[in-house]
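Observations on chain architecture
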Amino acid sequence: MFKKTSTTSGYRDPEVLVGLDLGTSKVTVVVAERDGPTGEAQIIGMGQAPSHGIRKGLIVNLDQSVRSLRQAIVDAENMVGLDLSDATVSFSGGDVKSVRTKGMISLGRAPRTVMQFDIERVIEAAQANVAVPNNQMILHTIPVEYSLDGNSGIDDPLGMTGMRLDIDLESVIVPTATVQNVYNCVEKAGLAVNGFVIKPLASALGVLTPEESMAGAAVVDIGGGTCGVAVFSGDRPKHLAVVSVGGDHITNDVASVLKMPLNKAEEIKKEVDLMPCDEDLDGASPDFEYMGRNYSYSMRELTDIVQCRVEELFSTLVGNEIAMSGVTMLPAGLVITGGGAKSAGIDQYLSGVMNIPVRVSLPLDSNRMPPGRNGPEFTCAAGIIRYALEQERDPFRYLEQSLDQLKNSGIVSGGKAQRSGDQSEERDREPLFGGKNITQYLKDLLKELF
Ligand SMILES: Nc1ncnc2c1ncn2[C@@H]1O[C@H](COP(=O)(O)OP(=O)(O)O)[C@@H](O)[C@H]1O
Ligand SMILES: [Mg+2]
């Protein structure tokens, strides 16, 4: 079933899905194989490498990030024995905004059936109300809810009858330069870009059960330099955001307050229990020697530093984003994932801070992921595969800017670099919506139907 690397150079295997998670701490390449009859995919490999040249989710050094990426790609290729050619890429970055707009169209004077064309029109009407600054672009357009003749809560109006169609649309806006840098980095590392998914969306898809996403839940992926926040309700993302604070800020706090080197601060931070008992705190005053110097610290002080930052992060930054979603009830509570979720006692601690139920989550697919690479820090990567499958099943769920649109508008260029030893020709990619923009795709679909 697997094609050996040596014999498949340049071959794009339609049975294989690849995701790429560009994190601040590490770059992960996830490889999944389709499971034909179920329409699902099984993760067969995870490659990773420490991130260099990426800060707060943004590429700050292209050469370094390309090197990290290549290392992660090779790691994944070695694990699965395949040559990888293309990937769906997940990234974050400080300036990610998600805005909600409304659109309305009339279906005529008498009630009639809603057609695909009407859905396209109402999406366009709502899109026209999105103000996109010059140097930014819409990455995702997500229909959140439709209403027909004032009846809200309609999931998919196609084929239903009415006179007036309304839509609530969520648009994820990112700086154009961020997309360009990510695109160039991935192509230089030798993979073609199939599409993009913003990190908080991938992470949410990686952990939320269908019940949670229907009932209402917020997912926070605590990464190194950023936290991804996603609020879901009614099985739809209501708000997606990236907060430019992550686990590394806790490390920095520890290092600066306790005056110790960053690598040691990172080590001792991981020992902190956010729900400690008094004996743990009062007795212990650990010390260590490093590069000829002695360091000692009190557990109480260390715990205070970590608690302080976690509380501030959630009660202000994350709390604001949840409030902006407009979702007031989160019956399924808060789901915490990402490397930062590995802090002991964080669920109980945050449950007190936020006053809602909190659970720490591994990826939904963790028991089918490679051992040692199935922890919460791999949630986003696993979520990319779920996103790619979801996109195939229902291309209208998270309307994505097609790569051809990006190319036509000059945002990205074609042509991927060849890795050494890779004699492949440029492969035929199948762009989203058959290479057309969304509008053209819908129009052609309509012609075919009638
Ligand atoms: N056991 C742990 N306890 C607390 N924090 C941890 C632990 N393990 C990893 N982290 C933190 O998780 C962050 C990295 O998370 P990860 O999801 O891998 O980041 P990214 O997606 O940005 O690459 C780092 O700040 C790291 O210090
Ligand atoms: Mg992560």
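Residues numbered from 1 in each chain as written. Chains lettered and ligands numbered in written order. Predicted model: local features only at pLDDT ≥ 70, side-chain atom pairs only at ≥ 80, totals over all residues. Heavy atoms only, no water.

This paragraph deals with the overall build of the protein. When its secondary structure is counted, the protein shows 13 helices and 21 strands. Sorting the 450 residues of the protein into buried and exposed places 54% on the buried side. Summing over all exposed atoms, the protein offers an accessible surface of approximately 19,500 Å²; the carbon and sulfur share of this is 50%. (Helix = DSSP H or I, 4+ residues; strand = E, 2+ residues; numbered from the N terminus. Buried < 20%, exposed > 50% of the residue type's maximum accessible area, 1.4 Å probe, protein only. Areas by Shrake-Rupley, 256 points an atom, 1.4 Å probe, with all protein chains shown as cover.)

Backbone hydrogen bonds are what pair the strands of a sheet, in a parallel or an antiparallel way. With respect to topology, five strands assemble into an open sheet ordered E16-E15-E14-E19-E20, the strand pairing being mixed. Each edge of the sheet is formed by a strand with only one pairing partner; in this case those strands are strand E16 (236-243) and strand E20 (358-360). Geometrically, the sheet is characterised by an average inter-axis angle of 20° between neighbouring strands, direction not taken into account. Taken together, the seven bridges between strand E15 (residues 227-233) and E16 define a ladder with antiparallel strand orientation. In the strand pairing of E16, Cys 227 is matched with Val 243. Contacts from helix H4 (residues 199-207) reach strand E14 (217-222), E15, E16, strand E19 (334-337) and E20, with the element oriented near 60° to E15. Helix H10 (residues 346-354) contacts E14, E19 and E20 of the sheet and is inclined by roughly 155° relative to E20. (Pairing = 2+ DSSP bridges. Axes fitted to C-alpha atoms, helices over the stretch in contact; angles between N-to-C directions. Contact = heavy atoms within 4.5 Å.)

Turning to unusual backbone geometry, a few remarks are in order. A negative phi holds for most residues other than glycine; trans holds for most peptide bonds. Unusually for a residue other than glycine, Asp 149 sits at a positive phi of about 50°. With respect to the helices, strands and loops of the structure, Asp 149 is situated in the loop between strand E9 (136-148) and strand E10 (151-154). Unusually for a residue other than glycine, Asn 355 sits at a positive phi of about 60°. Within the secondary structure layout, Asn 355 lies in the loop between H10 and E20.

With that settled, the discussion passes to the environment of Asp 149. Residue Asp 149 is classed as partly exposed on the basis of its relative accessible area of 39%. Sequence separation between Asp 149 and Thr 161 is twelve residues, and the spatial gap between their C-alpha atoms is 9.1 Å. Other than its neighbours up to four places away in sequence, Asp 149 contacts Gly 162, Met 163 and Arg 164.

Take the packing of helix H1 (residues 62-80) against helix H3 (residues 176-188) next. Running from amino to carboxyl end, H1 crosses H3 at an angle of 50°, the nearest separation of the two axes being 9 Å. Considering their axes alone, H1 and H3 lie oblique with respect to each other. For the crossing formed where H1 meets H3, the hand is right-handed. On H3, the residues touching Leu 62, Ser 65, Val 66, Leu 69 and Arg 70 of H1 are Asn 181, Cys 185, Val 186 and Lys 188. (Parallel < 35°, antiparallel > 145°, perpendicular 65-115°, else oblique. Left-handed = near helix turned anticlockwise from the far one by under 90°.)

Our next topic: the site of ligand 1. Around ligand 1 sit 19 residues in total, of which Ser 25, Gly 224, Asp 248, Glu 266 and Lys 269 are the nearest. Within the side chain of Asp 248, an N or O atom sits 2.8 Å from an oxygen atom of ligand 1. Lys 269 is positioned such that a nitrogen or oxygen atom in its side chain is 2.5 Å from an oxygen atom of ligand 1. Relative to its free-state accessible area of 580 Å², ligand 1 is covered by the protein chains to the extent of 89%. Elements supplying a minimum of two residues to the shell around ligand 1: helix H6 (247-258) and helix H7 (262-269). Classifying every residue of the shell around ligand 1 by side-chain character gives one nonpolar, ten polar and eight charged. Domain assignment of the residues forming the shell around ligand 1 places at least three in each of domain 1 (5-94 + 177-222 + 362-432) and domain 3 (223-361). (Near = heavy atom within 4 Å. Polar contact = N/O pair within 3.5 Å; in protein donor to acceptor, adjacent residues only side chain to side chain. Nonpolar A, V, L, I, M, F, W, Y, C, P; charged D, E, K, R; others polar. Domains from an automatic or database assignment.)

Take the pattern of salt bridges next. Overall, the coordinates contain 23 salt bridges when judged by the stated rule. Residue Arg 359 is joined to Glu 212 by a salt bridge in which the shortest nitrogen-to-oxygen separation is 2.7 Å. Placement of Arg 359 in strand E20 and of Glu 212 in helix H5 (residues 210-215) is noted, with a sequence separation of 147 residues between them. Looking at Glu 212, the relative accessible area reads 11%, which means it is buried. Measuring nitrogen to oxygen at the nearest pair gives 3.6 Å for the salt bridge that ties Lys 269 to Glu 266. With Lys 269 and Glu 266 both in helix H7 and three residues apart, the pair spans about one turn of that helix. Relative accessible area serves as the criterion here: at 12%, Lys 269 is assigned to the buried category. For Glu 266, a relative accessible area of 24% gives the class partly exposed. Within the structure, one salt-bridge network assembled from shared partners comprises Arg 100, Lys 102, Asp 168 and Glu 170. (Salt bridge = Lys/Arg side-chain N within 4 Å of Asp/Glu carboxyl O.)

Two elements, strand E2 (residues 26-35) and strand E3 (residues 40-50), share ten bridges in a ladder whose sense is antiparallel. From the neighbouring strand, Lys 26 faces E3, where its bridge partner is Pro 50. What sits between the antiparallel neighbours E2 and E3 is a turn of four residues, in which Gly 39 has the positive phi angle 75°.

Our next topic: the sheet that holds strand E6 (residues 86-91). Reading across from one edge, E3-E2-E1-E6-E13 is the order of the five strands in this open sheet, with mixed pairing throughout. At either end of the open sheet lies a strand with only one pairing partner, and these are E3 and strand E13 (192-198). Put simply, the sheet's adjacent strands are angled 25° from each other on average, direction ignored. Against the sheet, H1 makes contact with strand E1 (16-22), E2 and E3, and its axis sits at roughly 135° relative to E3, the strand it touches most. Sitting on the sheet, helix H11 (residues 379-393) touches E1, E2, E3, E6 and E13, and the angle it makes with E1 is about 130°.

Take the confidence of the model for the protein next. Residue-level pLDDT values for the protein average 88, and 88% of them are 70 or greater. This stretch, residues 1-9, has a pLDDT under 50; its non-local contacts, to residues over four places away or in other chains, come to 19 contacts. Across residues 421-439 the pLDDT falls below 50, and counting only partners more than four positions away or on other chains, this stretch makes 46 contacts in the model. (pLDDT = per-residue confidence, 0-100.)

As a further point, take the nonpolar core. General note: in soluble globular proteins, nonpolar side chains tend to be found buried as a group. With 59 residues, the main nonpolar core has Leu 69, Phe 196, Ile 198 and Leu 201 as its most contacted residues. The dominant element in this core, judged by the number of residues it contributes, is H1, at six residues. With sequence-adjacent residues up to four places away left out, Leu 201 is seen in contact with His 140, Phe 232, Pro 237, Leu 240, Tyr 387 and Tyr 398. Membership of the second largest hydrophobic core comes to 40 residues, among which are Val 220, Met 299, Ala 341 and Val 358. (Core = buried A, V, L, I, M, F, W, Y, C linked by side-chain atoms within 4.5 Å.)

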